[in-house]
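# Descriptive structure summary
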Amino acid sequence: MRGEVAVLGAGMHPWGKWGRNFVEYGVAAARAALTDAGLDWRDIGSVVGANTVRGGYPGYVAGATFAKALGWQGARVTSVYAACASGAQAVDTARTQLLSGLADVVLVVGADAAPKGFFRPAGGDRADDPDWLRFRVLGATNPVYFGLYARRRMAVHGDTPDDFAQVKVKNAAMGALNPNARYRKRVTAEEVAASAVVADPLRLLDICATSDGGAALVLSSLEFARRHGHADPVRIRAVSTVTPRYPNTVLDLPDIATDSAVAVDPPGATFRVSIARAAYEEAGVGPEDLSLAEVYDLSTALELQWYEDLGLCGEGEGVKLLRDGATALGGRIPVNASGGLASFGEAVPAQAMAQVCELAWQLRGEAGVRQVAGARVGISANQGLFGHGSAVIAVR
């Protein structure tokens, strides 16, 4: 273990389609996190903002944008971008500043005002951008990738469209309990099956939406936490931001090709497995120690894959874990007790932060009707474009 930092505050702006500037969502989340921490904005020594490339100039310098909106007060400022892993990168940057002594308390903020419909690359011709290339050369939009991954699970493990639908049923039931979720309505497997086909075998309700929203955390050194009356705070024990290893034999979006496994022996684990392993090793815990997990369910099929990648079950056993009720509220290892992206949608710079907010509330016992009983250890996991790993382990 490399050292822990305290989570003093967590705050969110509810997800939805609000039609306002992303800065409003981030400021609202930041103020909520400060209130939760019992601190004033002037107490903050550093601000780390997770960027949104769709926000123009303010989006590319999110740290300063949020600091200005809250009121210039001289704090350090950092802006980071790692696509969907931006929130975890921001948390890791804050943790580094705290453990190095550069700051005693750091505000981490991410927010987005996403376009309608599924994401596409930013405008213009950029032949050096693999994300742009997969759209233009392969026609592989995000839903196409999700569909291909679902097809792989069907071919390799025998998963079925009904199995995928049950993930949505589970997450919608938990999202219905979360006041910050965009979608707060339970659904049935029949409703999933009746929704429009987007990328066979996935239907509209199998794939997460794009959303507006914001999330923020107030992190501090343990000494600062004790001085300010937080004797037993939730603590971040590990942050994993690892990259893949060649040959990458199971392609991750937006890759088109990888080094040949004919010439190089495959690594012992896939990229997503390595993300979790690095977090477990740093934290000194294993999957058997977890109370809950928040994972990146861009699609229902991808959530099942995370069960296996996190070591919650063996390879190909994700469906059995789901069907046994282990990942539902009240089960052995609830996954996405928040409702996940199925209930929130993607607000890219905020979503990895939102996962940590949920871990903090659960570990404090403050999650209300969606509370995981006796929660002591939680993990969040996702990944960003171009090989950005993202996992956070929090403990109480």
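Position labels on residues start from 1 in each chain and follow its written sequence. The model is predicted, so local features are restricted to residues of pLDDT at least 70 and side-chain atom pairs to those at 80 or more, both for listing and for counting; the totals for chains, interfaces and linings are taken over all residues. Working from all heavy atoms in the structure, the side-chain values ignore hydrogens and water.

Attention now moves to the environment of Trp-15. Relative to the assigned elements, Trp-15 resides in strand S1 (residues 5-16). Considered as a pair, Trp-15 and Asn-180 are 165 residues apart in the sequence and their alpha carbons are 6.1 Å apart. The definition of a polar contact used here is a pair of N or O atoms within 3.5 Å, where within protein one atom must be able to donate a hydrogen and the other to accept one, and adjacent residues in sequence count solely through side-chain atom pairs. A polar contact of 3.1 Å, which involves the side chain of Trp-15, links it to the backbone oxygen of Gly-345. Think of it this way: any DSSP run of H or I at least four residues long counts as a helix, any run of E at least two long counts as a strand, and we number them from the N terminus.

Once that is clear, we can look at unusual backbone geometry. Peptide bonds are trans in most cases, and residues, glycine excluded, mostly fall at negative phi. Along the chain, Asp-200 connects to Pro-201 via a cis peptide bond; the corresponding omega equals 10 degrees. Considering the arrangement of structural elements, one finds Pro-201 in the loop between strand S5 (197-199) and strand S6 (202-203). Note the cis peptide between Tyr-246 and Pro-247, where omega equals -5 degrees. Residue position: Pro-247 is located in the loop between strand S8 (234-240) and helix H10 (271-283). Positive phi is not limited to glycine here, since Ala-83 has a value of about 55 degrees. With respect to the helices and strands, Ala-83 occurs in the loop between strand S3 (76-80) and helix H4 (86-100).

A few words now on the packing of H10 against helix H11 (residues 300-309). Lines are fitted to the C-alpha atoms to define the axes, a helix being fitted only along its stretch in contact, and any angle between axes, read from their N-to-C directions, falls within 0 to 180 degrees. The contact between H10 and H11 brings their axes to 9 Å, and the two run at 50 degrees. Between H10 and H11, the interaxial angle falls into the category oblique. In this structure, H10 crosses over H11, and the sense of that crossing is right-handed. Facing Arg-272, Val-273, Ile-275 and Ala-276 of H10, the residues of H11 in contact are Leu-302, Gln-305, Trp-306 and Asp-309. For classification purposes, angles smaller than 35 degrees are called roughly parallel, those larger than 145 roughly antiparallel, those between 65 and 115 roughly perpendicular, and all remaining angles oblique. Take the far helix as your reference; a near helix turned counterclockwise from it by less than a right angle gives a left-handed crossing, and one turned clockwise gives a right-handed crossing. The criterion used for residue contact is that any of the two residues' heavy atoms lie within 4.5 Å.

Another aspect to go through is the environment of Phe-118. Take Phe-118: it is sitting in the loop between strand S4 (105-113) and helix H5 (130-138). Residues Phe-118 and Gly-38, 80 residues apart in the sequence, show an inter-C-alpha distance of 38 Å. Contacts of Phe-118, omitting those with residues within four sequence positions, involve Pro-143, Val-198, Leu-204, Ile-207, Cys-208 and Thr-210.

Reading across the sheet, the nine strands line up as S3-S2-S4-S7-S1-S8-S11-S10-S9 and stay open at both edges, with mixed pairing between neighbours. Whereas interior strands pair on both sides, the edge strands pair on one side only; in this sheet they are S3 and strand S9 (292-295). Each strand axis lies, on average, 25 degrees off the axis of its neighbour in the sheet, ignoring direction. We call two strands paired when DSSP finds no fewer than two bridges between them. Looking at chain direction, S1 and S8 are connected through three bridges and run antiparallel. Bridge pairing in S8 places Val-5 opposite Ile-236. Of the strands in this sheet, S1, strand S2 (46-50), S4, strand S7 (212-220), S8, S9, strand S10 (377-384) and strand S11 (388-395) touch helix H14 (residues 348-364), which is tilted by about 120 degrees from S1.

Here we take up the nonpolar core. Side-chain atoms within 4.5 Å are what join buried Ala, Val, Leu, Ile, Met, Phe, Trp, Tyr and Cys residues into a set we call a nonpolar core. Only protein chains enter the accessibility calculation, which uses a 1.4 Å probe; a residue is then buried when its area is under 20% of its type maximum, exposed when over 50%, and partly exposed in between. Among the nonpolar cores identified, the biggest contains 51 residues, and Phe-146, Tyr-280, Tyr-307, Leu-310, Leu-312 and Ile-393 are the most heavily contacted of them. The set of elements that each furnish at least two residues to this core consists of helix H6 (142-157), helix H7 (161-175), H10, S9, H11, helix H12 (318-323), S10 and S11. Per-element tally for this core: the top contributor is H10, with six residues. Val-108, Ile-236, Phe-344 and Ala-394 belong to the second-largest nonpolar core, a separate cluster that totals 42 residues.

So, on to H7. An expected span of 1.5 Å times one less than the residue number is assigned to each helix. Across its 15 residues, H7 extends 21 Å between first and last C-alpha, which sits within 8% of the 21 Å expected from 1.5 Å per residue. With eleven of 15 residues buried, H7 is to be regarded as a mostly interior element. Looking at H7, one finds that the buried residues are Asp-163, Phe-164, Ala-165, Val-167, Lys-168, Lys-170, Asn-171, Ala-172, Ala-173, Met-174 and Gly-175. Contacts made by the buried residues of H7 are with H6, helix H8 (189-194), S6, H11, H12 and helix H13 (340-344).

To continue, consider the UniProt feature "domain: Thiolase N-terminal" (unreviewed entry) in the protein. UniProt positions are given in the numbering used here, feature names are shortened, and annotations may be inferred rather than shown by experiment. What UniProt calls "domain: Thiolase N-terminal" (unreviewed entry) maps, in this numbering, to residues 6-111. For residues 6-111, helix accounts for 42% and strand for 26%, while the C-alpha atoms at its two ends are 22 Å apart.

Right, let's talk about the packing of aromatic side chains for a bit. Centre distance within 6.5 Å is the pairing criterion for rings of Phe, Tyr and Trp, where only the six-membered ring of Trp is used; planes under 30 degrees apart are then read as stacked, over 60 as edge-to-face, and the remainder as tilted. Applying the stated criterion across every chain, the model contains four aromatic pairs. Judged by centre distance (6.0 Å) and plane angle (80 degrees), the rings of Phe-22 and Phe-66 are edge-to-face. Here Phe-22, found in helix H1 (residues 22-37), pairs with Phe-66, found in helix H3 (residues 62-70); they are 44 residues apart in sequence, far enough to count as distant. Across the pair, Phe-66 and Phe-22 agree in class, each one buried. Among the aromatic residues, those joined into a cluster by ring pairs are Tyr-145, Phe-146 and Tyr-149. We note Lys-168 situated over the ring of Tyr-183; from NZ or CZ to the ring centre the distance is 6.0 Å. Ring-over charges, as used throughout, are those where CZ of Arg or NZ of Lys falls within 6 Å of the ring centre and within 35 degrees of the ring normal.

Moving on, we come to the side chain of Glu-303. For Glu-303, the position within the fold is in helix H11. Accessibility expressed as a relative area gives 0% for Glu-303, which makes it buried. A distance of 2.9 Å separates a polar atom in the side chain of Glu-303 from a polar atom in the side chain of Lys-170. Excluding residues within four positions of it along the chain, Glu-303 makes contact with Val-167, Lys-170, Asn-171, Val-295, Asp-297, Val-335 and Asn-336.

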